[in-house]
Amino acid sequence: MSGHVFHPGHEELHGVTVVVQDAEGRTYVGRYHERTARGILMHDVAVHDPAATPMSAADWLARQRKFGVQISQRHVMLPGDLAGGIRRLIDV
Amino acid sequence: MPYDERLVAPMRAELTRLDVKELKTVAEVDAVLGDPKGTQLVFVNSVCGCAAGAARPGLAVALQHKVRPEANYSVFAGQDLEATARARSYFADYQPSSPSIALLRDGEVVFFMHRYQIEGQGPQSIAAALTAAFDQYCAA
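Summarised in this report is the structure supplied together with it.

Calculation criteria
- Numbers given for residues are sequential positions, taken from 1 along each chain in its written order.
- Numbering of ligands from 1 and lettering of chains from A proceed in the order in which they are written.
- The model is predicted, so local features are restricted to residues of pLDDT at least 70 and side-chain atom pairs to those at 80 or more, both for listing and for counting; the totals for chains, interfaces and linings are taken over all residues.
- Side-chain numbers here rest on the full set of heavy atoms in the structure, without hydrogens or water.
- Contacts are assigned to residue pairs with any non-hydrogen atoms lying within 4.5 Å of each other.
- Values labelled buried area give the accessible surface lost by two parts on being combined, using a 1.4 Å probe and summing over both.
- For salt bridges, the criterion is a side-chain nitrogen of Lys or Arg within 4 Å of an Asp or Glu carboxyl oxygen.
- Polar contact is defined as a pair of N or O atoms within 3.5 Å, subject to the rule that within protein one atom must be able to donate a hydrogen and the other to accept it, and that residues adjacent in sequence are counted only when both atoms are side-chain atoms.
- Residues were grouped as follows: Ala, Val, Leu, Ile, Met, Phe, Trp, Tyr, Cys and Pro as nonpolar; Asp, Glu, Lys and Arg as charged; and all remaining residues, including Gly, as polar.
- Buried, partly exposed and exposed residues are distinguished by accessible area as a fraction of the type maximum, computed with a 1.4 Å probe on protein chains only: under 20%, between the cut-offs, and over 50%, respectively.
- For helices the rule is a DSSP run of H or I covering at least 4 residues; for strands it is a run of E covering at least 2, with both sets numbered from the N terminus onward.
- Read the arc as the range of directions from the helix axis to the C-beta atoms.
- Strand pairing is defined by DSSP finding a minimum of two bridges between the two strands.

**Focus on the interface of chain B and chain A**
If you look at the interface, chain B gives 14 residues, while chain A gives 18 residues. Summed over both sides, the interface of chain B with chain A buries roughly 1,400 Å², with 59% coming from carbon and sulfur. Inspection of the chain B/chain A interface yields zero salt bridges. Across the contact surface, chain B and chain A share five residue pairs in polar contact (both at pLDDT 80 or more). Of the residues assigned to the side of chain B that touches chain A, the class counts are five nonpolar, six polar and three charged.

**What to know about helix H2 (residues 26-33) of chain B**
Residues and elements named next belong to chain B. Turning to H2, its buried residues number three or more, namely Val29, Val32 and Leu33. Buried positions in H2, seen along its axis, are confined to an arc of 85° and lie on one side of it. Exposed residues pointing more than 90 degrees away from the buried face of H2 are listed as Ala27 and Ala31. On its buried face, H2 sits against strand S2 (39-45), strand S3 (71-76) and helix H4 (81-89).

**A few points about the side chain of B:His65**
All names here are of chain B. Among the structural elements, His65 can be located in the loop between helix H3 (52-62) and S3. For His65, the side chain forms a polar contact with the side chain of Asp135, separated by 2.8 Å. Setting aside residues no more than four positions away along its own chain, His65 makes contact with Thr131, Phe134 and Asp135.

**Overview of the sheet that holds strand S1 (residues 21-22) of chain B**
Residues and elements named next belong to chain B. With respect to topology, five strands assemble into an open sheet ordered S1-S3-S2-S4-S5, the strand pairing being mixed. The open sheet has two free edges, formed respectively by S1 and strand S5 (108-113), since each of these has just one partner strand. Of the pairings in the sheet, the one linking strand S4 (residues 100-105) to S5 comprises five bridges and is antiparallel in character. Bridge assignment links Ile101 to a residue of S5, and that residue is Met113.

Fair warning: the whole summary comes from geometry, so function is off the table for now.
What follows is the structure, encoded as structure tokens:
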């Protein structure tokens, strides 16, 4: 649904569940809130840290898609210089 | 904290007028989901204007399909807290989100639409996903 703004008056991704990977290889799934000077603010976030689990990021993402976002952090601020882009979970 | 009932009443009515039975107490939930027979759809309603605002009309379109669940229920997240928690206990493998839609067959979850699958989708898209599930799991 390109060009559709989920919450009018906000950025296109505001309120949408997205997938972001940081420069250290951690993967975050959560609701995008906004991009600020400090970075990207997300709410209700699940985190995959390859250093902390033997499960691959792909398997972990598949689990989030099937069973829903397993929230471990209410709010996360990610630095703007992300390794990858921001993708909608539904598109992953 | 629940919203003013005057605000959510139209959101409840949007489903009840489709003959979706609203479950407002634990006893009402247990009476139907605790004795599962056939196919049951549970719509977890929400005040979220953007997601639920598309999901409710999406369900309305889907329920016009020739193949439908045998029974359709709703609980209201953030409003009827105990009933919603109890309903979610019947699909506890799935993380809570609202709105969301569960389809059960003889008590087993056979299809689940999470909030992330509703965000940004229009009613027709949501209806298409639901009717595909109805065809797969509700056909005699």
